[in-house]
Every structure is written in C-alpha cells, then in structure tokens.
Amino acid sequence: MREFFMAGGRKLSYLDFGGPGSPLLALHGHYNEASAFAPLAGALAPRWRVIALDQRGHGESDRAPAYGRDGYVSDVAALHRHLGVGPVPVLGHSLGGVNAYQFAARHPDGVSALIVEDIGAAVHCDWSFTTRLPATAPSREALVSALGTAAPYLECSFRQSDRGWGFSFGIDDTVASQKALGGDHWDDWTAVSCPTLLVHGTRSDELTADHARDMVARRGGRARLVELPAGHVVHHDAPERFATEVGAFLSASC
C-alpha cells in the first residue's frame, strides 16, 4: 500500500508491503524507488513487513531543494517518527546504504540491526552515466533500447508523461545527489553500534573487496561480510541468495 507523509514541508511517499511481520525499513539507491524492493518483501514475508521509502526526488516523493547527507538522513528520521515503530532493522542499497548507516550512527535508539548493500565508507561517485541518460523517449520500447543492459535495473522508475517516456527521478537532481554522496563517511560507519551485515557483489564496480573487508575489520566484530556473485545491485542480480542472507541475519540479530 502506498502512503504519504510530510517532512520538512515536502510530501514523501513510501510503500508498506503489509503483512503480520515485524517492520523492516528499506532505502533504495539512485535510479530506483521503493518498488524495487517488492521481490525482497515477498521473499521475507510473513516474518518481516518491508516498508520502503521513496527517497527525496525519487518515485512519488517530492523533489527537494538540496540532496545533501543531512537532508536524506532527516527524511529517514521523519519516516521513523511517522511510523512510530521503535527500534527496527534498516536495509539500504548504495545511496540508501549510506543513508542507512548514517541514520543508524546518528539515531542509534531507532535501529536494531543494519544491512548495507554494496556501498563503502568512502564513496567516489561517477555521474557520467547519469548525464548520458535520455531525458525522454517516444515509447517504453525506445527507452529500453536506449538504456541497453541497464534497462532492467531502472525499469521500476519508468514513467509515462505527455512528453513521452522517462523516469520518476530528475537527471539534474540525481547528479546533485551523487555529488553530495561522495566523500569520507568513516566516522559514521565506525559509530554504528548495532549488529551489521555488509553485502558485497563480487562483480561490483562500486565497492571493492578490500574496502569491504576493511569496513568490517574497523567495526571490531560488530559487522559481518557476505559476498555474493553479483554486480552492484545484489538484490537484483542474486535475489534468492540475497533474501536468504538477509533473512538469516535478521533472525540471528533481532
């Protein structure tokens, strides 16, 4: 079910996949939106009730005047307050992964466990792919053709308008967000106190194996690394194994 709430004067959207299970907050990456977690929600049900945020500038959420770190984290905090769920596990992919561990570091009473999917504690963004995205295409088929092998990763964000087919995110907004995401976030990562699972795709072009192992080592036994045969979007490339690892970690940690 899609729901809306207000945060900082803007309307934000989230999908509550429902069911009797315990809440799990999910935060998507760039080019995606809450619906990207539908397969994971189905796999984790009925034990877990996935609630996924359309982050600022994505999906059905309003665009924002800025896309800095504090803004994204404040949106997650606003969702958490809106839901009134107490300490919950939080999962984030890429952009959402940084937002998740920064939220966990800065609001430790709100997070019982953390899953970070394929993003580092030091992030070096390349927005050249974003600037090459077509603003519009005359048909869905034309958009898929223009995107090539990237199409399956972006299709949850496809939108049709009177101008043709495009995306639910703004290209300029995404570039601004990627620029603001880059940097050294080690202080937040090492400040996280809850049990943490770091999932690394062995074919990822975003997170290296050495960096992932360093992240786990610096957490002094409070984080565990799982490496799966996938690219950067592990939940898309290896959905069954990703869901199995997440479910096992949550069962052991919560």
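The shown structure was predicted, so the numbers you read here are calculated from the model rather than taken from an experiment.

K.L.:
Quick question: what am I supposed to make of the sheet that holds strand β1 (residues 2–7) here?
P.N.:
The pairing of strands in a sheet comes from backbone hydrogen bonds and takes either a parallel or an antiparallel form. Across the sheet, eight strands lie side by side as β1-β2-β4-β3-β5-β6-β11-β12; this open sheet has mixed pairing. The sheet terminates laterally at β1 and β12 (223–228), the two strands that pair on one side only. Averaged over all adjacent pairs, the angle separating strand axes in this sheet is 25°, with direction ignored. In the sheet, strand β2 (residues 10–16) pairs with strand β4 (residues 48–54) via four bridges, with the strands oriented antiparallel. Note that in β4 the partner of L15 across the bridge is A52.

K.L.:
Sorry, what's going on with unusual backbone geometry here?
P.N.:
Excluding glycine, residues mostly have negative phi values, and the peptide bonds linking residues are mostly trans. Cis geometry is adopted by the peptide bond preceding P46, which originates at A45 and carries an omega value of 0°. Its place among the elements puts P46 in the loop between α1 (38–44) and β4. A positive phi angle is found at Y31, which is not glycine, with a value near 75°. If you trace the backbone, Y31 turns up in the loop between β3 (22–27) and α1.

K.L.:
Hey, could you run me through the pairing of β3 in this one?
P.N.:
Judged by how many residues are buried, β3 sits mostly within the fold: five of six residues are covered. Sheet analysis places β3 next to β4, joined by six bridges and oriented parallel. Across the sheet, the residue bridging to S22 is W48, located in β4. Handedness of the crossover joining β3 and β4 through α1 is recorded here as right-handed.

K.L.:
How should the packing of aromatic side chains be read in this particular structure?
P.N.:
Geometry of an aromatic ring pair is reported as the spacing of the ring centres plus the angle between the planes. For the structure on display, the rule yields seven aromatic pairs. When the ring of Y67 is compared with that of Y72, the centres are 6.3 Å apart and the planes differ by 50°; the resulting orientation is tilted. Grouping aromatic residues by their ring pairs yields a cluster made of Y31, F129, F158, F167 and F169. In this arrangement the basic side chain of R56 is found over the ring face of Y72, its NZ or CZ atom lying 6.0 Å from the centre. Over the aromatic face of W189 sits the side chain of R219, whose NZ or CZ is 5.2 Å from the ring centroid.

K.L.:
Honestly, the packing of helix α2 (residues 69–83) against helix α3 (residues 95–106) in this entry has me stumped. Any pointers?
P.N.:
Any two packed helices are characterised by the angle at which their axes cross and by the distance between the axes. Following both chains from N to C, one finds α2 and α3 inclined at 70°, their axes separated by 9 Å at the closest point. Between α2 and α3, the angle falls in the class roughly perpendicular. Viewed along their axes, α2 and α3 form a crossing whose handedness is right-handed. Taken together, the residues of α3 that come into contact with α2 (itself represented by R69, D70, Y72, V73, V76, A77 and H80) are L95, V98, N99, Q102, F103 and R106. For the contact of α2 with α3, the per-class residue count stands at seven nonpolar, three polar and three charged.

The rules behind the values
Residues numbered from 1 in each chain as written. Predicted model: local features only at pLDDT ≥ 70, side-chain atom pairs only at ≥ 80, totals over all residues. Heavy atoms only, no water. Pairing = 2+ DSSP bridges. Helix = DSSP H or I, 4+ residues; strand = E, 2+ residues; numbered from the N terminus. Axes fitted to C-alpha atoms, helices over the stretch in contact; angles between N-to-C directions. Buried < 20%, exposed > 50% of the residue type's maximum accessible area, 1.4 Å probe, protein only. Right-handed = clockwise from strand over helix to strand, strands pointing away. Phe/Tyr/Trp six-rings, centres within 6.5 Å; stacked < 30°, edge-to-face > 60°. Lys NZ or Arg CZ within 6 Å of the ring centre and 35° of its normal. Parallel < 35°, antiparallel > 145°, perpendicular 65-115°, else oblique. Left-handed = near helix turned anticlockwise from the far one by under 90°. Contact = heavy atoms within 4.5 Å. Nonpolar A, V, L, I, M, F, W, Y, C, P; charged D, E, K, R; others polar.

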